[in-house]
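Next come the chains, spelled out residue by residue.
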Amino acid sequence: MLEIGKYNTLSVAREVDFGYYLATDDGREILLPRKYAPENTAIGDEIKVFVYTDSDDRLIATTETPYATVGEFAYLQVSDVNSTGAFLDWGITAKDLLVPFSQQKARMNRGGIYLVYVYLDDASKRVAASARIERYLDNALPEYRHGQAVEALVIEHTPIGYKVIVDNRHRGMIYENEIYRPLELEQTIKAFVKSVRPDGKIDLTLADSTGRRVMGLSNRILEALRRAGGELHITDRSTPDKIKETFACSKKDFKKALGHLYKEGKILLGENVVKLVK
């Protein structure tokens, strides 16, 4: 079934001067303008294209890559504003993305960058965007297992951590004590599920399972010891802030990594020093 506002794989049905018509399963044909067609396109070829409607409501295909497709959240910049609403640059040369005034929390300004949700209007079959993102979150109960990898879009910094959108569907939080590398708003990152709360919100961590995390940290400690000539004046008695600043990890993980290296006979632990066993 053809999905407007998403990627589709369609076959080339015929060629015309200005491009190629691609066939759909229901017998329709969609124009792929020649300038967006792959080199040496031939009848019968299957091409992955993004499908949208133009200003005359005609279906158009392109091999350009939009910044977001239907069902996704993204930060997009306003390229124009008129009596209809705001128009966003979404990576499609021939088409900006409309945010109707009814879908704006506050009036959008030219040049501004806003978090929006891309949706397909059921009545017009046009792709549009909404800044009222709360309407599109948590509409289904999260079903995640502990440690499952997810995609998280960073949307807000709070005193306790960063709010994120998980897999374009759910609200999530990465707490400050789980952050060991810089995060930026508008950034999409890989994170891991710690728990799903009764209210449906998801607590995340930037680190994967403990074993792999500690092994990676152990290797970093060994490398730091080698660079420092075999001694580091940072131990499991050091402050959490010093450990975080030096190794971008929690004190708990640091202690586990030191314990692992000590059991393997790779380090010696002093009161205020860690030494590399040569």
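Everything numeric here is computed off the predicted structure, so don't read it as measured data.

**Q** Which residues make up the overall build of the chain, and what values do they have?
**A** Helix and strand counts for the chain come out as three helices and 18 strands. A globule of 278 residues ought to have a C-alpha radius of gyration of about 19 Å, yet the chain, at 26 Å, is considerably larger. Counting only C-alpha atoms and orienting by the principal axes, one finds that the chain spans roughly 75 × 45 × 35 Å. Looking at the chain residue by residue over its 278 residues, the buried ones come to 44%. Carbon and sulfur atoms make up 47% of the accessible area of the chain, which totals about 15,500 Å².

**Q** Kindly report on the environment of Glu3, identifying the contributing residues and their values.
**A** As for its placement among the helices and strands, Glu3 is situated in the segment before strand 1 (7-16). A relative accessible area of 37% places Glu3 in the partly exposed class. In sequence terms Glu3 and Leu120 are 117 residues apart; their C-alpha atoms lie 9.7 Å from each other. Excluding anything up to four places from it in sequence, Glu3 contacts Asn8 and Val51.

**Q** Now, about the sheet that holds strand 18 (residues 274-276): what can you tell me, with residues and values included?
**A** With antiparallel pairing, three strands are arranged side by side in an open sheet as 16-18-17. At either end of the open sheet lies a strand with only one pairing partner, and these are strand 16 (231-232) and strand 17 (267-269). Strand direction decides the pairing type here: strand 17 and strand 18, joined by three bridges, are antiparallel. If you follow Leu268 over to strand 18, its bridge partner there is Lys275.

**Q** Outline the sheet that holds strand 15 (residues 202-205), supporting the account with residue identities and numerical values.
**A** Spatially, 11-12-13-15-14 is the arrangement adopted by the five strands of the closed barrel, whose pairing is mixed. Across the sheet, the mean angle from the axis of one strand to that of its neighbour is 50°, orientation sign disregarded. Note that strand 11 (residues 149-158) and strand 14 (residues 188-196) share five bridges and pair antiparallel. Across the sheet, Val150 pairs through a bridge with Ala191, a residue of strand 14.

**Q** Explain unusual backbone geometry to me, and be specific about the residues and the numbers.
**A** For Lys125, which is not glycine, the phi dihedral falls at a positive 60°. Here Lys125 lies in the loop between strand 9 (113-120) and strand 10 (127-130). Of note in the backbone geometry, Asn168 takes a positive phi value of approximately 60° without being a glycine. Position of Asn168 among the secondary structure elements: in the loop between strand 12 (161-166) and strand 13 (170-175). For Asn168, a relative accessible area of 23% gives the class partly exposed.

Analysis parameters
- Residues numbered from 1 in each chain as written.
- Predicted model: local features only at pLDDT ≥ 70, side-chain atom pairs only at ≥ 80, totals over all residues.
- Heavy atoms only, no water.
- Helix = DSSP H or I, 4+ residues; strand = E, 2+ residues; numbered from the N terminus.
- Rg over C-alpha atoms; globule rule 2.2 N^0.38 Å.
- Buried < 20%, exposed > 50% of the residue type's maximum accessible area, 1.4 Å probe, protein only.
- Areas by Shrake-Rupley, 256 points an atom, 1.4 Å probe, with all protein chains shown as cover.
- Contact = heavy atoms within 4.5 Å.
- Pairing = 2+ DSSP bridges.
- Axes fitted to C-alpha atoms, helices over the stretch in contact; angles between N-to-C directions.

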